[in-house]
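Read off the chains here:
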Amino acid sequence: MKKTNAMRILDREKVNYKLNVYEPDENITGLDAAKKLGQDPNKVFKTLVTKSKDDHFVFVIPVGEELNLKKAAQVAQVKKIEMLPLKELLPTTGYIHGGCSPVGMKKQFKTFIHESAKNFDKFFVSAGKVGMQLEINPQDLISVVDGTFADIIN
């Protein structure tokens, strides 16, 4: 199996992770992915890319939750944040919808991971391709993406 950019970066940084692969359905949701992985949806996180007037930000939250844009703007220290339009995702990050990893985007954007991740020894994030999830220690992910834990959901 061909490694994704995210896996190559984790290998280069000598970060331990486990790759979990599942057969994705068309229009699969994060909750569907958690079910296919046999995991608690609170341990499976989705990667959301947003934009402000001048910058982009990445938010990693549990698949069953919604990003609170007001809290997101506060932690990013900007006036307003909105979701990145889908048509801008691939050119901005190098990833497609459903396969967006917080690791290995075209440019490293300021990244915030929901604080509930700290409750787990390992949690799941996209490996950079639909049907592939990384099982990784949240502290390791924070150090690789130079991220911050934050309260960012409703």
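Whatever comes next refers back to the structure up there.
Quick summary incoming for the structure in this document. (Residues numbered from 1 in each chain as written. Predicted model: local features only at pLDDT ≥ 70, side-chain atom pairs only at ≥ 80, totals over all residues. Heavy atoms only, no water.)

1. What to know about helix H4 (residues 86–93)
In step 1: Buried within H4 are the following residues: Leu89, Thr92 and Thr93. The buried residues of H4 occupy an angular sector of 90 degrees when the element is viewed end-on, so they sit on one face. Turned more than 90 degrees away from the buried face of H4 sit Lys87 and Pro91, all of them exposed.
In step 2: In this structure, the buried residues of H4 make contact with strand S2 (45–51) and strand S3 (56–62).
In step 3: Two residues or fewer past H4, Gly94 is found with a positive phi of approximately 90 degrees. (Buried < 20%, exposed > 50% of the residue type's maximum accessible area, 1.4 Å probe, protein only. Helix = DSSP H or I, 4+ residues; strand = E, 2+ residues; numbered from the N terminus. Arc of directions from axis to C-beta. Contact = heavy atoms within 4.5 Å.)

2. Some words on the environment of Ala117
In step 1: On the secondary structure map, Ala117 appears in the loop between strand S5 (110–114) and strand S6 (123–129).
In step 2: The exposure class of Ala117 is buried, given its relative accessible area of 0%.

3. Regarding the layout of surface pockets
Here the idea is plain: a probe the size of a water molecule rolls over the atoms and shows the empty space left.
In step 1: In this structure, the largest pocket encloses a volume near 530 Å³.
In step 2: Lining of the largest pocket is provided by 23 residues; of these, Lys46, Thr47, Leu48, His97 and Gly98 occupy positions nearest its centre.
In step 3: Mapped onto the lining of the largest pocket, the elements with two or more residues apiece are helix H2 (30–37), S2 and H4.
In step 4: The element best represented in the lining of the largest pocket is S2, accounting for five residues. (1 Å grid on protein atoms, 1.4 Å probe; cavity = no way out; pocket = protein on both sides within 12 Å on 5 of 7 lines; lining within 4 Å. Points joined across faces, edges and corners; volume = space filled by probe spheres on them.)

4. Observations regarding the sheet that holds strand S1 (residues 17–21)
In step 1: Strand order across the open sheet formed by three strands is S1-S7-S6, with antiparallel pairing between neighbours. A single partner strand is all that each edge strand has here, and the edge strands are S1 and S6. Ignoring strand direction, the axes of neighbouring strands in this sheet form an average angle of 35 degrees.
In step 2: Sheet analysis places S6 next to strand S7 (residues 132–136), joined by five bridges and oriented antiparallel. Across the sheet, Lys129 pairs through a bridge with Met132, a residue of S7.
In step 3: Across the sheet, helix H1 (residues 5–12) is in contact with S1, S6 and S7; its angle to S7 comes to roughly 25 degrees. (Pairing = 2+ DSSP bridges. Axes fitted to C-alpha atoms, helices over the stretch in contact; angles between N-to-C directions.)

5. Some thoughts on the sheet that holds S5
In step 1: The strand order across the open sheet formed by five strands is S4-S2-S3-S5-S8, and the pairing between neighbours is mixed. Each end of this open sheet is capped by a strand with a single partner; those strands are strand S4 (82–83) and strand S8 (148–150).
In step 2: Note that S5 and S8 share three bridges and pair parallel. What sits directly across from Phe112, in S8, is Thr148.
In step 3: Relative to S8, helix H5 (residues 138–145) is tilted by about 120 degrees, and along the sheet it contacts S5 and S8.

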